[in-house]
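Fold and geometry: a report
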Amino acid sequence: MADHACFDPDRFASHGYPHDIWARMRRDTPVAWHDDGIRQPFWAITRYGHVTDVGKDSDSFINAPGVTILRKDQMIAADAPRVPLLLTMDPPEHHKSRMVLRERFKPSVMRALEEHIIARCREIADEVAAARVRTAEGDGRIDFVEAIAMRLPLDVILELLGVPGEDRDQMYLWSNAVIGSEDPEYGSVDLPREAIVAAQQAMFAYFARFIAARRASPREDLVSLLVEARIDGAPLNDREILGFCFLLAIAGNETTRNATSGAMLALIENPAARAALTADPALMPTAVEELLRWVTPIVYMARTATRDVEIGGQTVRAGEKVVLFYPSANRDESVFEAPSTLDLARRPNRHLTFGFGRHSCLGNDLARIELRAVLTELLARFPGMELAGPVDRLRSNFVGGIKHMPVVLAP
Ligand code: HEM
């Protein structure tokens, strides 16, 4: 039986990731049955090798039944709007849908965006330095998340989609409600499903208007590309396009935002590593990989077994769910030397932060470029940045989120 603390959202909110518990599970019960009576039961997979075994075997483990674990009392939401999502498709549909986006996210296209992203980071830093966005206390503290971390990923993904920048703050609130549905500030502890459904409906209505506008007069953006795309010779319908818009608007911002906040926190908490990176910017590429490993903003993705499969001496029965704990795999001592040490020069570093297998993150090149750009700018512009209060974490066992992180730019 798995220790329920490994999946308890209250514990994530109060203490961050339960790395001590995952370490114990990796050692003693690497494939453990988790049934807390509150959520759908599942097999907790905590070792690196088992996570990649499952990721590789997309015949035996599928996504369509859902990649998240739901609360039992929140599973039936008859009014929940449904759209096809790339993340919950299986072959052959998955491959065909992924091809629609792949060209737009390939490394060469992303590299062409790099200068623009660097310039955007400068603007954000300029604005922060000029305004010194103050907290209610008026003491020069700023909220790193809202003043800095949330901005670049949202601006970039909305710009790619073609959504006007002035709608960024609205998109931030909707996306927080979807991802933070079990959080008292972003969603609702008692009725998370309602919080998601309301935000989804609002996002769908917004994007439906937007898609209609692009159908009437296409431009160069992603939504126009989706309007003109074909799968097996047929154009996508509005629900299919909505699915892409919704997934990209969420996946393209929540993850990179939390990677940025988590990376800055790790650097503040490890002054020697931060000093080394500031002194030697050539360290940035390996540093970003290590910070991605260290932070691992997505806690898990679930799969559903299509047949009985043995993993680590346990038999997973057809129809049962397995949960792949990426942050645990990323601290697996049989793969990473001294996994609990932040080593910005670590090489090799085959972390699973972007998942593994056919669903592995489509936006990973973009995320890496954004992280390099934002960290380079912040280290250069605000070398004295320090924490100025406790970090306020998201109540979620799916995204390792930081909601608020008070900092002073220069003490
Ligand atoms: C640090 C930032 C990011 C992290 C940690 C991250 C993580 C992940 C993970 C863990 C998956 C699922 C893999 C699996 O199930 O095996 C995924 C899928 C995906 N991500 Fe990301 N992601 C990030 C940034 C982005 C960005 C910037 C975009 C888009 C612009 C994006 C778009 C997607 C899409 C579309 C999928 C679904 C792929 C599929 O099902 O084929 N992600 N991401």
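As a starting point, this report considers the structure included with it. Given the structure is predicted, the values throughout are model-derived calculations rather than measurements. (Residues numbered from 1 in each chain as written. Predicted model: local features only at pLDDT ≥ 70, side-chain atom pairs only at ≥ 80, totals over all residues. Heavy atoms only, no water.)

**Focus on the state of the cysteines**
A disulfide bridge is the covalent bond that connects two cysteines by way of their sulfur atoms. All chains considered together, the criterion is met by zero disulfides. We note that Cys121 lacks a disulfide partner, and the nearest cysteine sulfur, in Cys361, lies 18 Å from it. Counting only cysteine sulfurs, Cys361 is the nearest neighbor of Cys245, a cysteine outside any disulfide, at a range of 17 Å. Cys245 sits in the buried class, given a relative accessible area of 0%. (Disulfide = S-S within 2.5 Å. Buried < 20%, exposed > 50% of the residue type's maximum accessible area, 1.4 Å probe, protein only.)

**So, the sheet that holds strand E3 (residues 61–62)**
On the basis of which strands lie adjacent, the open sheet formed by five strands has the order E1-E2-E10-E7-E3 and mixed pairing. The open sheet has two edge strands, strand E1 (31–34) and E3, and neither has a second partner. With five bridges joining them, strand E7 (residues 300–305) and strand E10 (residues 321–325) adopt antiparallel strand pairing. Note on E10: the bridge partner recorded for Thr304 is Lys321. (Pairing = 2+ DSSP bridges. Helix = DSSP H or I, 4+ residues; strand = E, 2+ residues; numbered from the N terminus.)

**Topic: the coordination of the iron atom of the ligand**
When only protein atoms are considered, the iron atom of the ligand has one donor, Cys361 (SG), at a distance of 2.3 Å. The residue Cys361 is located in the loop between helix H15 (326–329) and helix H16 (364–381) in this model. (Donors = N, O, S within 2.8 Å, 3.2 Å for Na, K, Ca; no water.)

**A few points about the site of the ligand**
For the ligand, the set of nearby residues contains 30 residues, the closest of which are His94, Arg98, Arg303, His359 and Cys361. A distance of 2.9 Å separates an oxygen atom of the ligand from a polar atom in the side chain of Arg303. Take Tyr326: an N or O atom from its side chain is 3.2 Å from an oxygen atom of the ligand. Counting residues per element, the ones that place at least two in the shell around the ligand are helix H4 (93–105), helix H11 (238–251), helix H12 (254–269), E7 and H16. Split by residue class, the shell around the ligand holds 19 nonpolar, eight polar and three charged. (Near = heavy atom within 4 Å. Polar contact = N/O pair within 3.5 Å; in protein donor to acceptor, adjacent residues only side chain to side chain. Nonpolar A, V, L, I, M, F, W, Y, C, P; charged D, E, K, R; others polar.)

**Focus on the sheet that holds strand E11 (residues 386–387)**
If you walk across this open sheet you meet the three strands as E4-E14-E11, and the pairing is antiparallel. Two strands bound the open sheet, and with one partner strand each, they are strand E4 (141–143) and E11. Summarising the sheet, E11 and strand E14 (residues 406–408) pair through two bridges and their orientation is antiparallel. Bridge pairing in E14 links Glu386 to Val408.

**Observations regarding the layout of surface pockets**
Reported here for the second largest pocket is a volume of approximately 410 Å³. Around the second largest pocket, the lining comprises 20 residues; the ones closest to its centre are Gly16, Tyr17, Leu265, Trp294 and Arg393. Mapped onto the lining of the second largest pocket, the elements with two or more residues apiece are helix H1 (9–15), H12 and helix H14 (284–295). Among the elements that take part in the lining of the second largest pocket, H12 stands out by supplying five residues, more than any other. A class-by-class count of the residues in the lining of the second largest pocket yields nine nonpolar, eight polar and three charged. (1 Å grid on protein atoms, 1.4 Å probe; cavity = no way out; pocket = protein on both sides within 12 Å on 5 of 7 lines; lining within 4 Å. Points joined across faces, edges and corners; volume = space filled by probe spheres on them.)

**Description of unusual backbone geometry**
Apart from glycine, the bulk of residues carry a negative phi angle, and the bulk of peptide bonds sit in the trans form. The omega torsion of the bond from Pro91 to Pro92 falls at 0 degrees, within 30 degrees of zero and hence cis. For the bond running from Arg347 to Pro348, omega is -5 degrees, close enough to zero to count as cis. Of note in the backbone geometry, Thr296 takes a positive phi value of approximately 40 degrees without being a glycine. In this structure, Thr296 sits in the loop between H14 and E7. Owing to a relative accessible area of 1%, Thr296 belongs among the buried residues under this scheme.

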